[in-house]
Amino acid sequence: ADFDASLKEHLAADPPDVVHVEGYFLAGHLPAELPVPLVLVEENVEYLIDRDNELQGRARGAPWQGGAPWQISKEREYAALAKATLVGAVCQEDADIILRDAPRLSVSVFPNGADHLGLGPGKTDERGAPSEHVTFIGNYSWGPTLDGAWSLVTEIWPRVMKAHPTARLALVGAGIPGDLRAAAEAGGIQAVGEVRDVLPVLAATGIFVCPLWIRSGIKVKMLEALSAGCAVVCTSAALRGLPAAVGQAVVTADDTRRFADEIGNLIADPARRRQLAKLAEQALHSFPTWDEAADILISGWRRAPSVTP
């Protein structure tokens, strides 16, 4: 309540030209009457995450914890989007879903850039040496990442180890819960946790894995792994929203058994890893830079005042 009151006072004292909000759940902090355009950007179509979790027997929270069936999540999400002058999505696939659900909304695509690691063509090391170093990076406080990590630790990696007992797996990123850390370490997996910079981690990685089973938004971890020249094994869900060229630069597997087998295949095939690294470099040409992404966003801010509600 204190935050809401402070925000209302700030907006009244120094009115902006446009208000930009990341995520519909934050829009509820805005005053009911907002005299300037609202640009509301959705990093994911959130209710779809709730729906997929429920289909797999997992809800985001019990009703007394703020959880609700995905249909109610959808109602809440679109009630917030309806107040926006302009709705932003990070990929065309999300934009199409939003427009299908609510065709009266004004929707634009505000893509992510892909050059924040400072890499470009020819700036990655040759990936020819045999490598048994496998890495997964994510924010483990986010449900789909945590779900993928558990499948990696309990189902995928034990199968890899049977065929390649000297292979090494590292879990990198913030928010690794204690039970996942314990399970990982019991299985000989290194739970690294948060790092200052992912580039050295990716430079030391032969194979990057992304076993995400819930489709949502765009996976920045995928952009980073491709930029670093890693061979990538991922699910179809991890490719969501990415250009078609990326699909040719990765190995895709949509069940845990095949996922493990594909990791093993790449461990044993350095020539294939080199080929994937070259395809990844070509695929990067289809991504905008962050300067280009910023220009697209700024053009949306400038266009917002002329959008008819």
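Residues numbered from 1 in each chain as written. Predicted model: local features only at pLDDT ≥ 70, side-chain atom pairs only at ≥ 80, totals over all residues. Heavy atoms only, no water.

## A short note on the pattern of salt bridges
Thought 1: What the rule picks out here adds up to eight salt bridges.
Thought 2: We note a salt bridge from lysine 74 to aspartate 101, for which the minimum N-O separation is 3.8 Å. Taken as a pair, lysine 74 in helix H3 (residues 70–81) and aspartate 101 in helix H4 (residues 92–101) lie far apart in primary sequence, 27 residues in all.
Thought 3: Using a relative accessible area of 24% as the deciding quantity, one classes aspartate 101 as partly exposed.
Thought 4: Salt bridges sharing partners connect three or more residues here, namely Lys74, Arg100 and Asp101. (Salt bridge = Lys/Arg side-chain N within 4 Å of Asp/Glu carboxyl O. Helix = DSSP H or I, 4+ residues; strand = E, 2+ residues; numbered from the N terminus. Buried < 20%, exposed > 50% of the residue type's maximum accessible area, 1.4 Å probe, protein only.)

## Topic: the packing of aromatic side chains
Thought 1: A complete count under the given rule lists five aromatic pairs for this structure.
Thought 2: On the numbers, 5.9 Å between centres and 20° between planes, the contact of tyrosine 47 with tryptophan 70 is stacked. Within this pair, whereas tyrosine 47 is found in helix H2 (residues 46–55), its partner tryptophan 70 is found in helix H3, the two being separated by 23 residues in sequence.
Thought 3: For tyrosine 47, a relative accessible area of 2% puts it in the buried group.
Thought 4: With a relative accessible area of 22%, tryptophan 70 lands in the partly exposed category.
Thought 5: These aromatic residues form a ring-pair network of at least three members: Tyr47, Trp70 and Tyr78. (Phe/Tyr/Trp six-rings, centres within 6.5 Å; stacked < 30°, edge-to-face > 60°.)

## Quick word on the pairing of strand E7 (residues 190–193)
Thought 1: The two faces of E7 differ: Ala191 and Gly193 on one face are buried, but Gln190 and Val192 on the other face are not.
Thought 2: Here strand E6 (residues 168–172) pairs with E7 via three bridges, running parallel. Counted as the bridge partner of valine 172 is glycine 193 from E7.
Thought 3: Since E6 and E7 lie parallel, the crossover through helix H6 (residues 178–186) that links them has a hand, and here it is right-handed. (Pairing = 2+ DSSP bridges. Right-handed = clockwise from strand over helix to strand, strands pointing away.)

## Concerning the nonpolar core
Thought 1: Core analysis: the biggest nonpolar cluster contains 61 residues, and Leu171, Leu202, Val209, Met222 and Ile263 have the highest contact counts within it.
Thought 2: In terms of residues, this core owes the most to one element, helix H5 (residues 143–163), which gives six residues.
Thought 3: Ranked by size, the runner-up nonpolar core spans 24 residues in total, among them Val36, Leu40, Leu81 and Val87. (Core = buried A, V, L, I, M, F, W, Y, C linked by side-chain atoms within 4.5 Å.)

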